[in-house]
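Listed below, chain by chain, are the residues.
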Amino acid sequence: MNASDGRLTSAKRFLIALLVVALVMAATGGVLLLNGARQVRVTIVAGLQLPGAPVIDKTVAESYNTIVSTANLLAEAYPDLVTVGSAGQSAAGRDLVMLKVGTGDKKALVVGAVHAREHLTTKFLLCLVNDYCIAYQTGAAVGTFDVKTLLEAYTLYVLPCANPDGLEIVFSRETPDEGVTVSALDEYKANKAGIDINRNFPLNWEGLQNGVTAPADYWYKGAAPADAVETQALMDLCDANDFAFLLSVHVKGDVIFWGNDYDPSGSAASRDFAKALCKSSGFAMTDPLTDPNDYAGGFEDWFRFTYGRPGVCVELVDTGVAIQPCGNANYADFDGTVQYSESYTVVAAAMNYMESVKKADEPTTVSRK
Ligand SMILES: [Zn+2]
C-alpha cells in the first residue's frame, strides 16, 4: 500500500462515518445521540442541519407565553444574530414581542397576527427566524437567496404577533372588553377593545364606511384613527426607525396586496417589489384595491403612503384551505397549510430585491480605452 492509497482509505472512513451519523439521525427522528447521554436536537433547513438549533413545535398554535419563551430560545441559540425586545404593550399590558434579526445597518419590518384569528402567521414568523438563522450559520440558501449576505446588510424587526390580546381571546377563550359584539370566536380578528387594527390606521380612515359602527370581532375601525394602543405602538415603531420596507403577514389567499387607488404614487413603488416577491415565493399578484372598505385604515397602506416605501400584505394559505382558528386543526400539517418551503423565502426575496434595486441605482463605471 502506498501513501496515496492510505489517504484514500482515510477519506473512505470519513464518508462511512458521515453515513453512520446520517443513519442514526434518521433512526432517531432527527435527535442525534452523542456520548451515549447528551441529546442534541438537529433542525434541518435547505437540506442542511445545525446541532443545537431550537426545535419549534409546529403541531400546536403559539400562545402569548410560548411566543415569549420561543423568542427567548431563539436569542439564546443565536446570541450574535438575534435579540428580543418589545415594540410596546397591548391594551392588557402584554408585550408586542419583537425579535431583531441580523447585523446590517438597514432595517426592515415584518409583522404577523395583526388579526387575532390568523395566528398561523405567528408560527410562520418564528419558524422563519429560526430557519434564516440556521441558513446564516451554515451558509445554506433560503430558496435561491444568500441569507448570510442579506442579514449582514439588514436587521429585520420581526413581530410574530402584533395583537397578543386577540390571540388569547381566540385561542385561550379570554373575554374581550364589555360591549364587544362577538358573532363567533373563530371569526375574531380585533383587539381586546373590539377594534380591527388593520382598519384603524390613519389612511383614508374617514373613507371607510363598512357598516360596522361599534366594537366587534372584526371590521370596526375605531372611534378615531389610531385609537387602538397596538396601532399607536406600530406607528411609533415605524416613526422611530427608518424601515426600508414592511411585510404584514395575514391569512389567507396565497396573494400579495401591494397597492390602492387612493395612493397611486406610493403604490407604484411597491408594484415591482411585490412582483419580485410573488415570482420567487409563489404568491399571486393582485390588482390595486379600489374599494376603500378593502384598504382604508390598513397598516401596509398607511406605511406606503406615509414613507413612500414598499409595504405589502402577504396572505398565506390557499383559498381552498378551511381555517379553524379555535384549535390546532390547521397545525396537523403546518408546512403544507402555509406552503412553507416556498412562502418562507418571501422575506429573503424582499431584502434581495431592495439590494438589487440599490445596485441598479449605483452609477456604473465605464472605462475608456
Ligand atoms: Zn388579516
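Heads up: the structure comes first, above all this text.
Just so you know, these numbers come straight off a predicted model, no measurement behind them.

**Considering the sheet that holds strand S8 (residues 243–251)**
Now for step 1: Reading across from one edge, S4-S5-S7-S6-S8-S11-S9-S10 is the order of the 8 strands in this open sheet, with mixed pairing throughout. Because the sheet does not close on itself, it has two edges, and the strands there are strand S4 (82–89) and strand S10 (284–285).
Now for step 2: Alignment of strand S5 (residues 95–102) against strand S7 (residues 154–159), held across 4 bridges, turns out to be antiparallel. The residue of S7 that forms the bridge with Leu-99 is Val-158.
Now for step 3: Lying on the sheet, helix H9 (residues 299–307) is in contact with S8 and strand S11 (311–316); it crosses S11 at an angle near 160°.
Now for step 4: Taken strand by strand, helix H12 (residues 346–361) contacts strand S6 (106–112), S7, S8 and S11, and its axis lies near 155° from that of S8.

**Examining the packing of helix H7 (residues 264–281) against H12**
Helix packing for two helices is described by the angle between their axes and how far apart those axes are.
Now for step 1: Put simply, H7 and H12 touch, their axes get as near as 9 Å, and they point 135° apart. By the angle between their axes, H7 is oblique relative to H12. For H7 against H12, the interelement crossing comes out right-handed. Residues Phe-273, Ala-276, Leu-277, Ser-280 and Ser-281 of H7 pack against Val-346, Ala-349, Ala-350 and Tyr-353 of H12.
Now for step 2: Across the contact of H7 with H12, the residue classes break down as 7 nonpolar, 2 polar and no charged.

**Section: the nonpolar core**
Now for step 1: Ranked by size, the top nonpolar core spans 109 residues in total, and within it Ala-108, Val-129, Tyr-132, Val-158, Leu-247, Ile-256 and Ala-350 carry the most contacts.
Now for step 2: The dominant element in this core, judged by the number of residues it contributes, is helix H3 (residues 120–138), at 12 residues.
Now for step 3: Non-local contacts of Tyr-132, meaning those with residues more than four positions away in its chain, are made with Val-101, Val-142, Val-147 and Leu-151.

**Quick look at the environment of Ala-184**
Now for step 1: Positionally, Ala-184 belongs in the loop between helix H5 (164–172) and helix H6 (229–240).
Now for step 2: Since 10 C-beta atoms lie within 10 Å of it, Ala-184 is described here as exposed.
Now for step 3: Linking Ala-184 and Val-170, residues 14 residues apart in sequence, is a C-alpha distance of 9.6 Å.

**Thoughts on unusual backbone geometry**
Now for step 1: With omega at 15°, the peptide bond leading from Val-251 into Lys-252 counts as cis.
Now for step 2: Turning to its location among the elements, Lys-252 is positioned in the loop between S8 and strand S9 (255–257).
Now for step 3: Positive phi outside glycine occurs at Ala-113, with the angle close to 50°.
Now for step 4: Following the sequence through the fold, Ala-113 ends up in the loop between S6 and H3.
Now for step 5: Judged by the 31 C-beta atoms lying within 10 Å of it, Ala-113 falls in the buried class.
Now for step 6: Within the chain, Val-317 stands out as a residue other than glycine whose phi angle is a positive 75°.

**Brief notes about helix H2 (residues 64–77)**
Now for step 1: The terminal C-alpha atoms of H2, which comprises 14 residues, lie 20 Å apart, in line with the 20 Å expected from a rise of 1.5 Å per residue.
Now for step 2: Burial in H2 covers these residues: Tyr-64, Ile-67, Thr-70, Ala-71 and Leu-74. Along the long axis of H2, the arc covered by the buried residues comes to 125°, so they all point the same way. Turned more than 90 degrees from where H2 packs its buried face, Asn-65, Ser-69 and Glu-76 sit exposed.
Now for step 3: Those residues of H2 that are buried lie in contact with S4, S5, H3 and H5.

The rules behind these values
Residues numbered from 1 in each chain as written. Predicted model: local features only at pLDDT ≥ 70, side-chain atom pairs only at ≥ 80, totals over all residues. Pairing = 2+ DSSP bridges. Helix = DSSP H or I, 4+ residues; strand = E, 2+ residues; numbered from the N terminus. Contact = placed C-beta atoms within 7 Å. Axes fitted to C-alpha atoms, helices over the stretch in contact; angles between N-to-C directions. Parallel < 35°, antiparallel > 145°, perpendicular 65-115°, else oblique. Left-handed = near helix turned anticlockwise from the far one by under 90°. Nonpolar A, V, L, I, M, F, W, Y, C, P; charged D, E, K, R; others polar. Core = buried A, V, L, I, M, F, W, Y, C linked by C-beta atoms within 7 Å. Buried ≥ 20, exposed ≤ 12 C-beta atoms within 10 Å, placed from the backbone. Expected span 1.5 Å × (residues − 1). Arc of directions from axis to C-beta.

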